[in-house]
Amino acid sequence: MEDIFPLFFSTALLLICVFLIFLYYGVWWKHERCRIKLRKQGITGPPPSVIFGNIPEMKRMESQISDTPKIDGCLTVLPYFQHWTNNYGKLFRFALGGIQLLYVSNVEMVKEISRFRSLELGKPAYLQNERGALLGKGLITANGAAWSHQRKTITPQLCTEKIKDMVKLMVESGNVLVETWEKIIESEGDDNGIVEIMVDQHMRNFTSYIASKMIFGNDHHKGFKIFPKCQALIEATGGATTLGIPFSRFIPNKANRTAWKLSR
C-alpha cells in the first residue's frame, strides 16, 4: 500500500501538469503566437484579456452609447471600431474570446483581398465549429475545392446584367417599406411626427421578400415559409455572446444542446 501511494501521487501530479500545459496553450499561447506573427508585420491592436479577448471593452463602449444615438455611419453604432481606428490605424487586430480577427478598412487592401483567388485564403474554422448547424457548408463556411465549385456555380447568377434586373424589385420593396413607416408615423406619431419604431421585423420582411423573389421567382411564397424557420434556428442556437470564448461550445447549455442535435 505504501508503494502505491507515491506512484498514484506522481501520476496525479503528471496529469495536473499536462492539463495545465494544455490549458495554457489553448487559452493563451496559441492566440499569442498569432498576435506575435502580426506584430512582426507591424499590425497591432488593443490588448486582449486572457479569456474574453476584447469583448469586455466592446461591451463597455456599447453601454456608453445613448438610447437614440446620432447615426453618422456604422462606426457610430460600433464605437469600438472608431476608437481603435483612431488609435491603431485602418489595419489592426482584435480578439473575440480566443478568435483573432483582422480589421481592414483600407479601400485598396480590401480590393486586393477581394481579387485574391487562391484556395489558401480559406474560411476560419470557428465558423464551422461554432455555427456549423446554422450556416451549413455553403460559401460562408466552405474551403478549398468545395468553395471553388460553389463560387463557380453561383457567379453567373450575380453578374451585372442579372443584378440590374433586380434593381426595380429592390426599389419597389424599399418604397413599400418606407410607406409602411410613414403610415405608422401618421397614426402613432406625436405632434412633432416622432415615433419609436422597432425596425427588426420590418427589415427581416424586406430582405426575405427580395431574397425569395430572387431565389424562387414566381414561387416566392416558398421563401416566406423558409425564412421564419431560419430565424427560429438562429434563436434556437443562441446569440454570439459566447463566440470565441475557449471551450464554451462544450458547455451543455440549451443553445449548445440544440446545436449538437442539429449537427448530427
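### What to know about the overall build of the chain
- Helix and strand counts for the chain stand at 11 helices and two strands.
- Listing each helix as α and each strand as β along the chain from the N terminus yields α-α-α-α-β-β-α-α-α-α-α-α-α.
- Sorting the 264 residues of the chain into buried and exposed places 20% on the buried side.
- At a minimum sequence separation of 6, the contacts of the chain that also span at least 24 residues come to 49%.
- Element-wise, carbon and sulfur atoms account for 62% of the exposed surface of the chain, whose accessible area totals about 19000 Å².

### What about the environment of Lys222?
- Its location among the elements puts Lys222 in helix H10 (residues 221-237).
- As for Lys222 and Ser212, which are separated by 10 residues in sequence, their C-alpha atoms are 7.4 Å apart.

### Quick word on the packing of aromatic side chains
- On inspection of all chains with the given rule, the structure shows 10 aromatic pairs.
- With a centroid separation of 5.6 Å and an interplanar angle of 70 degrees, the aromatic rings of Phe81 and Phe94 are classed as edge-to-face. Of this pair, Phe81 sits in helix H4 (residues 79-88) while Phe94 sits in strand S1 (residues 91-96), and the two are 13 residues apart along the sequence.
- Ring geometry for Phe81 against Tyr103: centres 4.6 Å apart, planes inclined by 25 degrees, an arrangement best described as stacked. Taken together, the positions of Phe81 in helix H4 and Tyr103 in strand S2 (residues 99-104) put the pair 22 residues apart, joining distant regions of the chain. Exposure class is identical for Phe81 and Tyr103. Each is buried.
- Above the ring of Trp28, the side-chain terminus of Arg35 is found at 4.8 Å from the ring centroid.

### As for the side chain of Thr85
- Along the chain, Thr85 falls in helix H4.
- With a relative accessible area of 18%, Thr85 lands in the buried category.
- Leave out the neighbours within four places in its chain, and Thr85 touches Phe92 and Tyr103.

### Description of H4
- Within H4, the full set of buried residues consists of Pro79, Tyr80, Phe81, Trp84 and Thr85.
- Downstream of H4 by a residue or two, Gly89 has a phi angle that is positive, lying close to 90 degrees.

### A look at the packing of helix H2 (residues 55-63) against H4
- Where H2 contacts H4, the axes come no closer than 8 Å and their chain directions differ by 110 degrees. It follows that H2 is roughly perpendicular to H4 by the angle criterion. Across the interface between the two elements, Glu57, Met58, Met61 and Glu62 from H2 touch Pro79, Tyr80, His83 and Trp84 from H4.

### Points about empty space enclosed by the protein
- By the definition in use, this model includes one cavity of 30 Å³ or more.
- The computed volume of the largest cavity comes to approximately 50 Å³.
- Around the largest cavity sit Val27, Trp28, His31, Arg35, Pro48, Ser49, Val50, Gly53, Gly97, Gly98 and Gln100, which together line it.
- With four residues, the single largest contributor to the lining of the largest cavity is helix H1 (residues 4-40).
- Of the residues assigned to the lining of the largest cavity, the class counts are four nonpolar, six polar and one charged.

### Focus: the pattern of salt bridges
- Applying the stated criterion to the full structure yields two salt bridges.
- Across the pair Glu32 and Arg35 runs a salt bridge, and its minimum N-O distance is 3.0 Å. One end of the pair is Glu32 and the other is Arg35, both in helix H1 and three residues apart, which spans about a single turn.
- Look at Arg35 and you get buried, because its relative accessible area is 3%.
- Among the ionic pairs, Glu32 bridges to Arg39, the shortest N-O distance being 2.7 Å.
- The structure contains a network of salt bridges with shared partners spanning Glu32, Arg35 and Arg39.

### Considerations on a positive patch on the surface
- Together, Lys30, Arg33, Lys37 and Lys40 give the surface a local cluster of positive charge.
- Its relative accessible area of 71% is what places Lys40 among the exposed residues.

### Structural notes on the packing of helix H8 (residues 160-188) against helix H9 (residues 200-216)
- Remark: H8 packs on H9, axes separated minimally by 10 Å, with the N-to-C direction vectors making an angle of 155 degrees. What the angle tells us is that H8 and H9 run roughly antiparallel. In terms of crossing hand, the pair formed by H8 and H9 is right-handed. Residues Met166, Leu169, Met170, Ser173, Gly174, Leu177, Thr180, Trp181 and Ile184 of H8 touch H9, and the partners they reach there are His202, Met203, Phe206, Tyr209, Ile210, Lys213 and Met214.
- For the contact of H8 with H9, the class distribution of residues is 11 nonpolar, four polar and one charged.

Reading guide: rules and limits
- Position numbers for residues count from 1 along each chain, tracking the sequence in the order it is written.
- Per-residue local features are limited, in this predicted model, to residues with pLDDT of at least 70; the limit for side-chain atom pairs, both in listing and counting, is 80 or more; totals at the level of whole chains, interfaces and linings are taken over all residues.
- Each side-chain value is derived from all of the structure's non-hydrogen atoms; neither hydrogens nor water enter the calculation.
- By the criteria applied, helices consist of DSSP H or I runs no shorter than four residues and strands consist of E runs no shorter than two, each listed in order from the N terminus.
- Note on exposure labels: buried denotes an accessible area under 20% of the residue type's maximum, exposed denotes more than 50%, and partly exposed covers the range between, all computed with a 1.4 Å probe on protein chains only.
- We call two residues in contact whenever any of their non-hydrogen atoms come within 4.5 Å of each other.
- Values of accessible area rely on a 1.4 Å probe in the Shrake-Rupley scheme; residue burial ignores everything except the protein chains shown.
- Pairing of aromatic rings covers Phe, Tyr and Trp, the last through its six-membered ring, and needs centres within 6.5 Å; plane angles under 30 degrees mean stacked, over 60 mean edge-to-face, and all others mean tilted.
- Placement of a positive charge over a ring is assigned whenever Lys NZ or Arg CZ falls within 6 Å of the ring centre and within 35 degrees of the normal to the ring plane.
- Every axis in this analysis is a line fitted to C-alpha atoms, fitted for helices over the stretch in contact. Angles between the N-to-C directions lie between 0 and 180 degrees.
- The scheme is simple: roughly parallel for angles under 35 degrees, roughly antiparallel for over 145, roughly perpendicular for 65 to 115, oblique for anything else.
- Points on a 1 Å grid, built from protein atoms alone, make a cavity when a 1.4 Å probe fits but cannot get out and make a pocket when they are open with protein on both sides within 12 Å along at least 5 of 7 lines; residues with an atom within 4 Å of a point are the lining residues.
- Grid points are joined across faces, edges and corners, and a volume is the space filled by probe spheres set on the points.
- Asp, Glu, Lys and Arg are counted as charged, while Ala, Val, Leu, Ile, Met, Phe, Trp, Tyr, Cys and Pro are counted as nonpolar; the rest, among them Gly, fall into the polar class.
- Put simply, a salt bridge is a Lys or Arg side-chain nitrogen that is within 4 Å of an Asp or Glu carboxyl oxygen.
- Any residue with relative accessible area above 30% and no salt bridge may belong to a patch, with like charges joined within 9 Å and the nonpolar Val, Leu, Ile, Met, Phe, Trp and Tyr side chains within 5 Å.
- Counting rule for charge: Lys and Arg are taken as positive, Asp and Glu as negative, and neither His nor the chain ends is counted.
- By convention, the point assigned to a charge is CZ for Arg, NZ for Lys, CD for Glu and CG for Asp.
- Crossings are sorted by hand: turned counterclockwise from the far helix by less than a right angle, the near helix makes the crossing left-handed, and turned clockwise it makes it right-handed.

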